[in-house]
Amino acid sequence: MKRLIALLSLVCFSAAAPAQQKDTRLFPYEYAIDDLDNGLRLVTVPTDFPNMVSLYIVVQAGSRNEVEPGKSGYAHLFEHIMFRGSEHYTPEQRDLILKKAGAESNASTNFDRTTYYENFSKEDLEPVMKLEADRFQRLKYSEAAYKTESLAVLGEYNKNSSDPTEKLDEALYATAFTKHTYAHTTMGFLKDIQDMPNQYNYSLQFYDRFYRPEYTTILLVGDVSREQALGLTKKYFGEWKRGTYVSNIPAEPAQTASRKASVDWNSPTLPWLAVAFRGPAYSDEKIDKAALDLLSPIAFGPNSELYQRLVLKEQKVDELQPDFGNHPDPELFTVYARIKDPKDIDYVREQILMTFERFTKEPVDQAKLDATRSRIRYSLALRMNSSSAIANVLAPYIGLRRTPETINKVFALYQRVTSEDIKKIASQYFLPNNQTIVTLTTKGATN
Amino acid sequence: MRKIAIALLLCSSVLLASPNKIPSVVLPGTSPLVTFRIMFTTGSAFDPSGKEGVANLTASMLAQGGTRSLTYDQIVQALYPMASSVSSQVDKEMTVFSGTTHVENLDRYYALFKDMLLDPGFRPEDFKRLREEAINFLRVSLRQSNDEELGKEHLYNVIYAGHPYGHHNVGKVSSLEKLTIQDVRDFYRTHYTGANLVIGLAGGLPKGFAERVESDFKKLPDGITDKKRMDKPKLQAGTRIEIVTRDTRSTAISFGFPIEVNRSSKDWAALALVASYFGQHRSSNSYLYQRLREARGLNYGDYAYIEYFPRGMFLMTPDPNLARQQQIFQVWIRPVEAENSVFALRAALYEYDKLVRNGISKEVFETTREFLTKFANVLTQTQSARLGYAMDSRYYDIPEFDAYLKSQLAKITVDDVNAAIRRHLKTDRMRIVLVTKNADAIRDAILKNTPSPITYNSPKSKEIQDEDKIIETFRINVKPEDIAVVPVTRVFE
């Protein structure tokens, strides 16, 4: 498999990848890290995809950082407010600059980070950097604009609200977490969203806390040099003042018993089931997360025995997928299933639980483990098909460790993990007292 | 990679086509990835009456079913270590099977891909699963889980009622329930022919690979080309509204009408510029977005289109290979709070009306042209997108997309754009779809022209307040018999 990476480097990116790194790095691009005195980090990844540059700015603040009661959804709200003007640019001036750059521009928020991005032609790099620097350091929005934008957030909640899986997740996290802020979704509770218009001052405080260089990494990928990137970063972000706020996220106490919740859905739907176990946090040093990452597709992916039985053979389920993201704090290893007939809910739940239990007792098949390692490597190679796609792959890792190197480290762990390791780790996490199960059914439908 | 870009440019204009040759679009390069787009110029517009959904189900049976020698689970197992897959996309006049693999896996991947298309198993267990999946997609996923896509797709059904485009690409529930494996076999035999085939390949192709693919696909029967002239739908004059009722928090709105412009038309670039200015997809650089969302906080976004763009809530740029002879101009208003439904609809129609009456300014023309000229690079960033666009260019008989868009934009003036607005943007046959729980109240308010004042949570400028006064009584001219209230269970049925 290492040959694959070597080939990738050699054929496509020979100018970028030094020879000595070819055999050991999964992430095949040469990159540079530059730390400014104020705590801001710049990661530059020159590629040979011509003309385009992707600028990603990753802030290590997401809904995880929303510690005050009644204040869920503010990291996401801020993703919106950041488009509401800054000291030197009105929203209209901002739009015009990005329009002239032919830019695709947007932002996203999740539990752990908020990511802002623009994909555009390289000749517009300086005006775009200057524009971004202003809003990150000198955001300026009126209370009226703030209130209007809070309604757009409500609009986002509304457009999501017809999807039952949004509600399923809301119930799952509220049940699985009691102290930690993963208890609320990134969108936040509806009552908190409806209260947002009244919280202008809190919003100012949120910006003051987190929109600081020590929380932020600039990622530039594409037709750009390190010198150019560093020069512009120093010029426009060099005066940014470091903050003082330190996030103090409440730790989730150990779970002592299995938990259950059910959701009544107002309109006709097929039943949904979420079966979750508390899992380990992201690590590029300890093997726990890596071991369960490898198990996830083996146990629950499309080529798993369970999928083949429930979806293809018995045809009782039409969607079955595991979800086990990378997070700084322990989160959930969840299996979602959409069940065709409500009478099969119990059966499907038992089958999923038995599969979790099975892998605490028997090691995974070596051939499947090897195939999974292969899949992970090719999957990354296939995804990195443009500068913006490379930035997209990197941004979550930048949010976790502020360096692309963590990808190589975690993939080295994947190489090390054995079948026995997976069994051992599974038996530590897939315990009944770590479990949360949520069922969503149409109101009035019989289970 | 710079060399590749030049190679792509040169090769994309060389379309291999001669009487005995399968038409191919080949974009060779030195990327270690190889992309396939195997297209049949057929689709849901060729579903026989009463068998709506058979085109899509046939494609699903190929992409998500077994071959004669391998069951589907064996195919999944074989694809797994390569991290590759075979996807199908069915639109009205195009069906495409696509996938990308690493060149190291090319032989193994292609062996599977080829058999899936050329030697399908048509197994009863796959048929049962995939037909049920199609029915559940319409009945549950689309009707009950995504009001925006429901509204957007239903608008097409309303506009194209009685036309070959008149049903969702996945079909109708009642037809799907009656389909048999024999229907799928028949569709495959008749439409998966050499006459409908276009081979698309891109990336680090080994020497002779394109020829090998062509030789393998010659196995298909010659058949007859599915070349049907699709006429502009004949709509009755006047506005018509369909209100789809379901129990939902908010109201989704879509409206539009047919246009006689597709990518090959003289006015395409001019109208593309208008749609970009008025409602660039998922961008704050959209005039409607600025008026409805930014200024008023009505919803999450407001966009306009001149080409079919499904799944827009999940995508920043459109999927290629959705080319059609007939297109509509469409406005998508993302869900609004129930009490603002009529105001939001009026506001969007008011802005549309202004656009039609006033056209666009020189300044707007210049900046939007600059945007689109550069944005072409964003649309064709990946190898797969470049290949898809090149195949669409073949379909429309136009040059390579980037160059075509840029050259067309360079040629036009603001006067051309405003003339195109006058020629193509109409209000005399508007079709409107709302998805809401408040059907009766909305129907009444529209028919009686009841004012729909709006209240805000923050002070608004005099300009907005004055405009709101106009919007709140903006008349939607529609006769009582032209507002239908439709239970969601009847949509796609």
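Source: prediction; values computed, not measured.

Visitor: Can you walk me through the overall build of chain A in this structure?
Guide: Along its length, chain A carries 16 helices and eleven strands. A compact globule built from 447 residues would reach a C-alpha radius of gyration of about 22 Å, and chain A, at 23 Å, matches this within 12%. With the C-alpha coordinates aligned to their principal axes, the bounding extent of chain A is approximately 60 × 55 × 35 Å. Taking all contacts inside chain A whose residues are at least 6 apart in sequence as the whole, residues at least 24 apart take part in 79%.

Visitor: Explain the overall build of chain B to me, please; I cannot follow it from the model alone.
Guide: Regarding its fold elements, chain B presents 18 helices and eleven strands. Relative to a compact globule of 493 residues, whose C-alpha radius of gyration would be 23 Å, chain B shows 24 Å and is just as compact. A principal-axis box enclosing the C-alpha atoms of chain B has dimensions of 70 × 50 × 40 Å. Expressed as a percentage of the 493 residues in chain B, the buried residues total 55%. Of the contacts made within chain B by residues no fewer than 6 positions apart, 81% connect residues no fewer than 24 positions apart.

Visitor: Explanation requested: the domain arrangement of chain A in the structure shown.
Guide: Where interface size is quoted, it is often the accessible area lost as the parts come together. Residue and element names in this part refer to chain A. Considered domain by domain, chain A is made up of domain 1 (31-237) and domain 2 (259-442). Computed over C-alpha atoms only, the centres of domain 1 and domain 2 are separated by 28 Å. Across the boundary between the two partners, domain 1 contributes 34 residues, which contact 30 residues of domain 2. Secondary-structure elements contributing two or more residues to the side of domain 1 that touches domain 2 are β2 (41-46), β3 (52-59), β5 (114-121), α6 (164-176) and β6 (216-222). A total of eight residues in the side of domain 1 that touches domain 2 trace back to one element, the largest contributor, which is α6.

Visitor: Hey, could you run me through unusual backbone geometry in this one?
Guide: The general pattern is negative phi for most residues beyond glycine and trans for most peptide bonds. All names here are of chain B. In this structure, R282 takes a positive phi of about 50° despite not being glycine. Here R282 is to be found in the loop between α10 (268-279) and α11 (287-294). At R311, a residue that is not glycine, the phi angle is positive and equals roughly 60°. Here R311 is to be found in the loop between β8 (302-305) and β9 (327-337). Owing to 11 C-beta atoms within 10 Å, R311 belongs among the exposed residues under this scheme.

Visitor: Would you mind going over the confidence of the model for chain B with me for this structure?
Guide: Detailed reading of the predicted coordinates is not advisable wherever pLDDT falls low. On average, chain B scores 94 in pLDDT, and the residues at 70 or more come to 96%. The ipTM value of the predicted complex is 0.91, and its pTM value is 0.93.

Visitor: It is not clear to me how the interface of chain A and chain B should be interpreted in this structure. Could you clarify?
Guide: If you look at the interface, chain A gives 61 residues, while chain B gives 62 residues. For the side of chain A that touches chain B, the elements supplying multiple residues, two or more each, are α1 (2-12), α3 (91-100), β4 (104-109), β5, α5 (143-160), α11 (305-313), α13 (366-383) and α14 (387-401) of chain A. In terms of residues, the side of chain A that touches chain B owes the most to one element, α5 of chain A, which gives eleven residues. Grouping the amino acids of the side of chain A that touches chain B by side-chain chemistry returns 27 nonpolar, 21 polar and 13 charged.

Visitor: What is the right way to look at the pairing of β3 of chain A in this model?
Guide: The side chains of a regular strand alternate, first on one face of the sheet and then on the other. Residue and element names in this part refer to chain A. β3 sits mainly inside the fold: eight of its eight residues count as buried. What you see with β3 is no split at all: M52, S54, Y56 and V58 on one side and V53, L55, I57 and V59 on the other are buried throughout. Where β3 lies against β5, eight bridges are found, and the strand directions are antiparallel. Bridge pairing in β5 places Y56 opposite Y117. For β3 and β6, the ladder comprises seven bridges, and the chain directions are antiparallel. Looking at the pairing, Y56 lines up with L219 of β6.

Visitor: Help me understand the nonpolar core, please; the structure alone is not making it clear to me.
Guide: Generally speaking, soluble globular proteins have nonpolar side chains that are buried together. Ranked by size, the top nonpolar core spans 266 residues in total, and within it L219 and L295 of chain A together with A344 and A348 of chain B carry the most contacts. Of all the elements, α10 of chain B adds the most residues to this core, at ten residues.

Visitor: Can you walk me through the confidence of the model for chain A in this structure?
Guide: Summarising the model, chain A shows a mean pLDDT of 92, and 94% of its residues fall at 70 or more. Considering only residues more than four positions removed or in separate chains, one finds that residues 1-23 of chain A, a stretch of pLDDT under 50, has 44 contacts.

Visitor: Looking at this structure, how should I read the sheet that holds β5 of chain A?
Guide: Picture the strands of a sheet paired through backbone hydrogen bonds; they go either parallel or antiparallel. All names here are of chain A. Taking strand neighbours across the sheet as the criterion, the six strands line up as β1-β2-β6-β3-β5-β4 in an open arrangement whose pairing is mixed. Both edges of this open sheet fall to β1 (32-35) and β4, since each of them pairs with a single strand only. Direction aside, the axes of adjacent strands within the sheet are offset by 15° on average. Sheet topology places β4 next to β5; six bridges connect them, and they run antiparallel.

Visitor: Would you take a moment to explain the domain arrangement of chain B for this structure?
Guide: Residues and elements named next belong to chain B. When the domains of chain B are assigned, the result is domain 1 (2-217) and domain 2 (240-490). For domain 1 versus domain 2, the separation of C-alpha centres amounts to 29 Å. Taken residue by residue, the interface counts 36 residues in domain 1 and 37 residues in domain 2. Of all the secondary-structure elements, those providing two or more residues to the side of domain 1 that touches domain 2 are α1 (2-12), β1 (24-28), β2 (33-40), β4 (95-102), α6 (147-159) and β5 (197-203). If one sorts the elements of the side of domain 1 that touches domain 2 by residue count, α6 sits on top with ten residues.

Visitor: Explain the packing of α11 of chain B against helix α12 (residues 341-358) of chain B to me, please; I cannot follow it from the model alone.
Guide: Think of two packed helices as two axes; the pair is described by the angle between the axes and how far apart they sit. Residue and element names in this part refer to chain B. Axis separation between α11 and α12 bottoms out at 11 Å; the angle between their running directions is 150°. Relative to α12, the element α11 lies roughly antiparallel. You can see that α11 and α12 cross each other, and the crossing is right-handed. Along the contact surface, α11 presents L288, R291 and L292, while α12 presents A344, A347, A348 and E351. Grouping the constituent residues of the contact of α11 with α12 by class yields five nonpolar, no polar and two charged.

Visitor: Help me understand helix α2 (residues 74-81) of chain A, please; the structure alone is not making it clear to me.
Guide: The periodicity of an α-helix, 3.6 residues per turn, causes residues three or four places apart in sequence to face the same way. Residue and element names in this part refer to chain A. For α2, the buried fraction is high: seven of the eight residues fall into the buried class. Looking only at α2, the buried set comprises Y74, A75, H76, L77, F78, E79 and I81. Check the buried side of α2 and you find it contacts β4, β5, α5 and α8 (200-210).

Visitor: Please explain the pairing of strand β7 (residues 250-259) of chain B as it appears in this structure.
Guide: Residue and element names in this part refer to chain B. Here β7 lies mainly inside the structure; ten of its ten residues are buried. By the bridge criterion, nine bridges tie β7 to β9 in an arrangement that is antiparallel. For S250, the partnering residue across the bridge sits in β9 and is E337. Direction of pairing for β7 relative to strand β10 (residues 431-436): antiparallel, over a ladder of five bridges. Across the sheet, S254 pairs through a bridge with V433, a residue of β10.

Visitor: Explanation requested: the environment of V45 of chain A in the structure shown.
Guide: Residues and elements named next belong to chain A. Position of V45 among the secondary structure elements: in strand β2. When the 23 C-beta atoms within 10 Å are taken as the criterion, V45 is described as buried. In sequence terms V45 and G325 are 280 residues apart; their C-alpha atoms lie 24 Å from each other. Apart from the residues lying within four places of it in its own chain, the contact partners of V45 are Y29, Y31, V221 and I390.

Visitor: Explain the environment of A171 of chain A here, please?
Guide: All names here are of chain A. Along the chain, A171 falls in helix α6. A171 gets classed as partly exposed once you count the C-beta atoms within 10 Å, which come to 18. Along the primary structure A171 and T217 are separated by 46 residues, whereas in three dimensions their C-alpha atoms are 33 Å apart. The residues contacting A171, other than those within four sequence positions of it, are A261, V263 and V438.

Visitor: How do you make sense of the packing of helix α4 (residues 125-138) of chain A against helix α9 (residues 226-237) of chain A when you look at a structure like this?
Guide: Residue and element names in this part refer to chain A. Between α4 and α9, the shortest axis-to-axis distance is 9 Å and the interhelical angle comes to 35°. The interaxial crossing formed by α4 with α9 has right-handed handedness. Counting all contacts with α4, which are made through L125, E126, M129, K130 and A133, the residues of α9 involved are L232, Y236 and F237. Across the contact of α4 with α9, the residue classes break down as six nonpolar, no polar and two charged.

Visitor: Looking at this structure, how should I read α8 of chain A?
Guide: Residue and element names in this part refer to chain A. Along α8, the residues classified as buried are S203, F206 and F210. For α8, the angular spread of buried residues about the axis comes to 55°, placing them on one side. Packing partners of the buried residues in α8 comprise β3, α2 and α5.

So, how was this worked out
Residues numbered from 1 in each chain as written. Chains lettered and ligands numbered in written order. Predicted model: local features only at pLDDT ≥ 70, side-chain atom pairs only at ≥ 80, totals over all residues. Helix = DSSP H or I, 4+ residues; strand = E, 2+ residues; numbered from the N terminus. Rg over C-alpha atoms; globule rule 2.2 N^0.38 Å. Contact = placed C-beta atoms within 7 Å. Buried ≥ 20, exposed ≤ 12 C-beta atoms within 10 Å, placed from the backbone. Domains from an automatic or database assignment. pLDDT = per-residue confidence, 0-100. Nonpolar A, V, L, I, M, F, W, Y, C, P; charged D, E, K, R; others polar. Pairing = 2+ DSSP bridges. Core = buried A, V, L, I, M, F, W, Y, C linked by C-beta atoms within 7 Å. Axes fitted to C-alpha atoms, helices over the stretch in contact; angles between N-to-C directions. Parallel < 35°, antiparallel > 145°, perpendicular 65-115°, else oblique. Left-handed = near helix turned anticlockwise from the far one by under 90°. Arc of directions from axis to C-beta.

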